[in-house]
Amino acid sequence: MKEDLQLEFGLDEAAATELIAETSPHLIIPRRLPHAAAHALSERKEPAIMSAAIAPAAKAESLWNRNYLLTIGVNLLVYTVHFLLMLWSTAYAMEHFDASIGLAGLASGLFIVGALFSRIVSGRFIDFVGRRRMFLAGSALFFLMILFYLVAPTLALFNIVRFIHGVSFGMTSTAASTIVAAIIPLKKMGQGIGYFTLGVTIASAIGPFLAMNITAAHAFTLGIEIVGALAACIFLFALTIKAPERNILPQEKEDLKKISFNRFFSMRALGISFIALMGGVCYSTVLSFLGAYTNSIGVTGIGATCFFLCFAATSFISRPLTGFLLDKRGGNVVVYPALLSMAIAMAIIATASGDIAMLIGALFLGLGYGTITASCHALAVHCAPMHQVGVATSTYFVFLDFGIGVGPYTLGSFVPAFGFSFVYFAAGVISLIGIVLYYILLARRGLFTRSRMDRTSQAKELIAERRQHFYEEALAASR
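All values derive from a computational prediction rather than experimental measurement. (Residues numbered from 1 in each chain as written. Predicted model: local features only at pLDDT ≥ 70, side-chain atom pairs only at ≥ 80, totals over all residues. Heavy atoms only, no water.)

Caption draft 1: Focus on the overall build of the chain. When helices and strands are counted, the chain shows 20 helices and zero strands. Counting every position in the chain, which comprises 479 residues, the buried fraction comes to 53%. Carbon together with sulfur atoms contributes 68% to the accessible area of the chain, which is approximately 20,200 Å² in total. (Helix = DSSP H or I, 4+ residues; strand = E, 2+ residues; numbered from the N terminus. Buried < 20%, exposed > 50% of the residue type's maximum accessible area, 1.4 Å probe, protein only. Areas by Shrake-Rupley, 256 points an atom, 1.4 Å probe, with all protein chains shown as cover.)

Below, the structure is given as structure tokens:
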């Protein structure tokens, strides 16, 4: 927070410390800047606001509004199409191009590669291009690429279509997540992100269910017709959403030409995004190997068929609840139990010998992974300054998706030598290591205590107001 004040206000460390000290005791933004802060601003030859009142923090807005609900709906449909086509594309490639399992799986992998590439670039440029503009461009391309699936004459061109479609998915989902983070009041970020990510949970059940029935009936054209209709709805909904845009300062436009790691990734969000990566690695081992594992141990009843229904149920219930706890009690209260829950889930799955044990493991996994994804998303946005919401959002998703993508390849390589149980125990150990790393990287500095989060939110509001003041002055001077 101190660094943000120094960067945005041009204050020295002492002045920033004084401002924090005055705002901290009762969590109220002062009506005047402290003397040291006012002096620092006057030294910069900028319009001083020594005698002008600084507006109090904006009143908490209602979470449930039209734009928020529409963005949730778009996110639900985007991920439904994504999950449906992940299964559909593999089956389609095997049947129509006579592709091997490995080559058919490449179609799914290239989609994720395209999405990762797009997220990195989108997070950097979304505020310069315009949030709504990128949202519309991404959703339009998302729809158009579906039209090319059935007309691709070769597997190579089909894979190119999948890659470009992944790019459009990354653009659309990153824009939607950035817009919703800007819509949600700072004090309700946990709940807001929790409800928003419920769309992914619902989609993870609807998409695969539709895909399994479509591919079983070999109705591949019907699958494209369904996702085409859904993608058209996504674009129409996107047209009606009003996205809060961020004013760009002149010096930021100059900075756009510079290329460096910290301009494409939020340094503040790296720590919590790495925790999300570890959660993604654990979840991916279940997602990739559950079918083969349950067959190998002879669990082929409801423990296998209803596993993801139980997972979705606790994930659905946990996200709003943990979002409420995060807003009221801070991040530590939800992240520690979530990582522990994932470790317990992996241990139960690794030692399961019947249906009941598998379903209990699914319940713990849904509780842990559902909480990790929602809370880490909210905390990544919280960590970053308000002008880096887009970059923080893309940083979180890049790390999460990378964890989901790399997990099956890294831990899966141990299956031939040590078996599936070893892989799930290893995933549980990764969750426990995540607890230690969360403490070392974040918790020991008190970053996510409720009082610290409240002070940070108020500082971000102060900074946003000052940025707006600079922007208006620069705009007036250019006329």
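Caption draft 2: How the structure looks around the packing of aromatic side chains. Inspection of the entire model under this criterion finds 27 aromatic pairs. Taking 6.1 Å as the distance between ring centres and 75° as the angle between the ring planes, the aromatic pair formed by phenylalanine 125 and phenylalanine 264 counts as edge-to-face. Of this pair, phenylalanine 125 sits in helix H5 (residues 101–129) while phenylalanine 264 sits in helix H11 (residues 261–264), placing them 139 residues apart in sequence. Joined through ring pairs, the aromatic side chains of Trp88, Tyr92, Phe97, Tyr149, Phe158 and Phe220 make up one cluster. The cationic tip of arginine 124 hangs over the ring face of phenylalanine 125; the distance from NZ or CZ to the ring centre is 5.9 Å. Directly above the ring of phenylalanine 264 sits arginine 124, whose terminal nitrogen or CZ lies 6.0 Å from the centroid. (Phe/Tyr/Trp six-rings, centres within 6.5 Å; stacked < 30°, edge-to-face > 60°. Lys NZ or Arg CZ within 6 Å of the ring centre and 35° of its normal.)

Caption draft 3: Summary view of the nonpolar core. Of all hydrophobic cores here, the largest spans 125 residues; its most connected members are Trp88, Phe158, Ile272, Leu365, Tyr424, Tyr438 and Phe448. Sorting elements by how many residues they give to this core places helix H4 (residues 66–96) first, with 15 residues. Excluding its chain neighbours within four sequence positions, the residues that come into contact with isoleucine 272 are Cys376, Leu379, Ala380, Tyr438, Leu442 and Phe448. (Core = buried A, V, L, I, M, F, W, Y, C linked by side-chain atoms within 4.5 Å. Contact = heavy atoms within 4.5 Å.)

Caption draft 4: Highlighting the pattern of salt bridges. Here the structure, examined in full by the defined rule, presents three salt bridges. Between aspartate 127 and arginine 131 there is a salt bridge, with its nearest N and O atoms 2.8 Å apart. What makes aspartate 127 buried here is its relative accessible area of 8%. Among the ionic pairs, arginine 450 bridges to aspartate 454, the shortest N-O distance being 3.1 Å. Of the two residues, arginine 450 and aspartate 454 are both situated in helix H20 (residues 450–478); the distance of four residues between them amounts to about one turn of the helix. For the residue pair arginine 450 and aspartate 454, the accessibility class agrees, reading buried in each case. (Salt bridge = Lys/Arg side-chain N within 4 Å of Asp/Glu carboxyl O.)

Caption draft 5: Fine view of the side chain of arginine 119. Along the chain, the position of arginine 119 falls in helix H5. Take arginine 119: its relative accessible area is 1%, and that puts it in the buried class. Of the polar contacts made by the side chain of arginine 119, one reaches the side chain of aspartate 401; its length is 2.9 Å. When neighbours within four sequence positions are excluded, arginine 119 is seen to be in contact with Tyr79, Phe169, Gly170, Ser173, Thr174, Ser394, Phe397, Val398 and Asp401. (Polar contact = N/O pair within 3.5 Å; in protein donor to acceptor, adjacent residues only side chain to side chain.)

Caption draft 6: Region of the structure containing the packing of helix H8 (residues 189–216) against helix H16 (residues 355–383). Look at H8 against H16: their axes get within 9 Å of each other, and the N-to-C directions meet at 130°. Overall, the two elements H8 and H16 adopt an arrangement that is oblique. Read as a crossing pair, H8 and H16 show a hand that is right-handed. Of H16, the residues touching H8 (which contributes Met189, Gly190, Ile193, Gly194, Phe196 and Thr197) are Ala374, His377, Ala378 and Val381. By residue class, the composition of the contact of H8 with H16 is six nonpolar, four polar and no charged. (Axes fitted to C-alpha atoms, helices over the stretch in contact; angles between N-to-C directions. Parallel < 35°, antiparallel > 145°, perpendicular 65-115°, else oblique. Left-handed = near helix turned anticlockwise from the far one by under 90°. Nonpolar A, V, L, I, M, F, W, Y, C, P; charged D, E, K, R; others polar.)

Caption draft 7: Here's a closer look at the confidence of the model for the chain. Averaged over the chain, the pLDDT score is 80; the fraction of residues at 70 or greater is 82%. Mean pLDDT values over the elements of the chain span from 40, in helix H3 (residues 35–43), up to 95, in helix H9 (residues 220–240). This stretch, residues 6–12, has a pLDDT under 50; its non-local contacts, to residues over four places away or in other chains, come to 22 contacts. For the stretch residues 21–60, pLDDT sits under 50, and the model shows 65 contacts to residues farther than four places along the chain or on other chains. (pLDDT = per-residue confidence, 0-100.)

Caption draft 8: Examining H9 more closely. With 21 residues, H9 extends 31 Å from end C-alpha to end C-alpha; this agrees with the ideal 30 Å at 1.5 Å per step. Among the residues of H9, those classed as buried are Phe220, Gly223, Ile224, Val227, Gly228, Leu230, Ala231, Ile234 and Ala238. Structurally, H9 contributes buried residues whose contacts are with H4, helix H6 (131–146) and H8. (Expected span 1.5 Å × (residues − 1).)

Caption draft 9: Summary view of the environment of proline 244. Assignment of secondary structure puts proline 244 in the loop between H9 and helix H10 (250–255). In this structure, the C-alpha to C-alpha distance between proline 244 and alanine 181, residues 63 residues apart in sequence, is 9.9 Å.

Caption draft 10: Expanded view of a nonpolar patch on the surface. Residues Leu340, Ile344, Ile356, Ile360, Phe364 and Leu432 make up a contiguous nonpolar surface patch of about 490 Å² in total accessible area. Put simply, the parts of the chain that give the nonpolar patch at least two residues each are helix H15 (332–351) and H16. It is H16 that provides the largest number of residues to the nonpolar patch, a total of three residues. Mapping leucine 432 onto the fold places it in helix H19 (residues 420–441). Leucine 432 sits in the partly exposed class, given a relative accessible area of 42%. (Patch = residues over 30% accessible without salt bridge, like charges linked within 9 Å, V, L, I, M, F, W, Y side chains within 5 Å.)

Caption draft 11: Highlighting the environment of aspartate 127. On the secondary structure map, aspartate 127 appears in helix H5. Polar contacts involving the side chain of aspartate 127 include one to the side chain of arginine 131, which spans 2.8 Å.

Caption draft 12: Region of interest: helix H17 (residues 389–411). Spanning 23 residues, H17 covers 32 Å between terminal C-alpha atoms, matching the ideal 33 Å at 1.5 Å per step. In the structure, H17 departs most strongly from a straight axis at glycine 405, where the bend amounts to approximately 30° and where the proline proline 408 lies between one and four residues downstream. Of all 23 residues that make up H17, 17 are buried, and the element is covered over most of its length. (Bend = angle between axes of the 7 residues up to and from the residue.)

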